[in-house]
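What follows is each chain in one-letter form.
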Amino acid sequence: MKKNSLFLIVGIFFGILMYKSEASSWFRIYEMFNFQSIHMYGLMGSALAVGIILVRFIKRKNLKDIHGKAIQIPDKEKSIKRYLFGGIFFGLGWALAGACPGPMFVLTGAGYFPILVVILGALLGTWFYGLLKNKLPH
């Protein structure tokens, strides 16, 4: 129960951070896709930089998780098709919905309940992917 409480607290903090940084703002996303503002690019770029630094740090120091097991981050498969098609579908969904998966839940918490339709669509899309996964190019 204590571990789940920690996850809940971290999730709430992350949601507040997303909301206050306007990462869940449809207007900011619209500006980004129209190349009218650097706000979202700066936000994502800084998150990418922090992620790269942390992953390199974890790999160099051979850090362990809370259970004492070494953290192993496998290399990604190199394939153009998987990233091209996945990126296109993700980007189209993001542009049409005005939110990517993290901010969808933030918007629900902020009281924008029509986003629940988008969450349902995302869950159905994930379910269909699971059904078709073996027939798709990877």
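This is a predicted model, so every value here is computed, not measured. (Residues numbered from 1 in each chain as written. Predicted model: local features only at pLDDT ≥ 70, side-chain atom pairs only at ≥ 80, totals over all residues. Heavy atoms only, no water.)

With that settled, the discussion passes to the layout of surface pockets. Within this model, the largest pocket holds a volume of roughly 850 Å³. Surrounding the largest pocket, 29 residues form its lining, Gly-86, Phe-89, Phe-90, Gly-125 and Thr-126 being those nearest its centre. Breaking the lining of the largest pocket down by element, the ones donating at least two residues are helix H4 (80–97), helix H5 (101–109) and helix H6 (115–132). No other element matches H4, which puts 11 residues into the lining of the largest pocket. Residues belonging to the lining of the largest pocket are distributed by class as follows: 21 nonpolar, six polar and two charged. (1 Å grid on protein atoms, 1.4 Å probe; cavity = no way out; pocket = protein on both sides within 12 Å on 5 of 7 lines; lining within 4 Å. Points joined across faces, edges and corners; volume = space filled by probe spheres on them. Helix = DSSP H or I, 4+ residues; strand = E, 2+ residues; numbered from the N terminus. Nonpolar A, V, L, I, M, F, W, Y, C, P; charged D, E, K, R; others polar.)

Where helix H2 (residues 26–33) contacts helix H3 (residues 39–61), the axes come no closer than 8 Å and their chain directions differ by 95°. Looking at the two axes, H2 sits roughly perpendicular to H3. Only His-39, Met-40, Tyr-41 and Met-44 of H3 make contact with H2, whose side of the interface consists of Arg-28, Ile-29 and Met-32. (Axes fitted to C-alpha atoms, helices over the stretch in contact; angles between N-to-C directions. Parallel < 35°, antiparallel > 145°, perpendicular 65-115°, else oblique. Contact = heavy atoms within 4.5 Å.)

Let us look at the pattern of salt bridges. Taken as a whole, this structure holds four salt bridges when the rule is applied. With a shortest N-O distance of 2.5 Å, Glu-22 and Arg-28 are connected by a salt bridge. Under the relative-accessibility criterion, Glu-22 is labelled partly exposed at 33%. Salt-bridge contacts for Lys-59 lead to Asp-75; the nearest nitrogen and oxygen are separated by 3.8 Å. With Lys-59 in helix H3 and Asp-75 in the loop between H3 and H4, this pair connects stretches of sequence that are 16 residues apart. (Salt bridge = Lys/Arg side-chain N within 4 Å of Asp/Glu carboxyl O. Buried < 20%, exposed > 50% of the residue type's maximum accessible area, 1.4 Å probe, protein only.)

Let's shift gears to the packing of aromatic side chains. One pass over the full model with this rule turns up five aromatic pairs. Ring centres of Trp-26 and Tyr-30 lie 5.1 Å apart, and the angle between their planes is 20°; this geometry places the pair in the stacked category. Taken together, the positions of Trp-26 and Tyr-30, both in helix H2 and four residues apart, correspond to about one turn of that helix. By relative accessible area, which is 41% here, Tyr-30 ends up partly exposed. With a centroid separation of 6.0 Å and 55° between ring planes, the pair formed by Phe-90 and Trp-94 is classed as tilted. (Phe/Tyr/Trp six-rings, centres within 6.5 Å; stacked < 30°, edge-to-face > 60°.)

What follows concerns the side chain of Glu-31. For Glu-31, the position within the fold is in helix H2. When its relative accessible area of 11% is taken as the criterion, Glu-31 is described as buried. Residues within four places of Glu-31 in sequence aside, it is in contact with Gln-36 and Ser-37.

Right, let's get into the packing of H5 against H6. Contact geometry for H5 and H6: axes closest at 9 Å, N-to-C directions at 145°. When you trace H5 past H6, the crossing you get is left-handed. Across the interface between the two elements, Met-104, Phe-105, Leu-107 and Thr-108 of H5 pack against Ile-115, Leu-116, Val-118, Ile-119 and Ala-122 of H6. Residues that form the contact of H5 with H6 fall into these classes: eight nonpolar, one polar and no charged. (Left-handed = near helix turned anticlockwise from the far one by under 90°.)

A few words on H5. All of the buried residues in H5 are Pro-103, Met-104, Val-106, Leu-107 and Thr-108. Considering only its buried residues, H5 is in contact with helix H1 (2–20) and H6. Gly-111 lies just past H5 and shows a positive phi near 100°.

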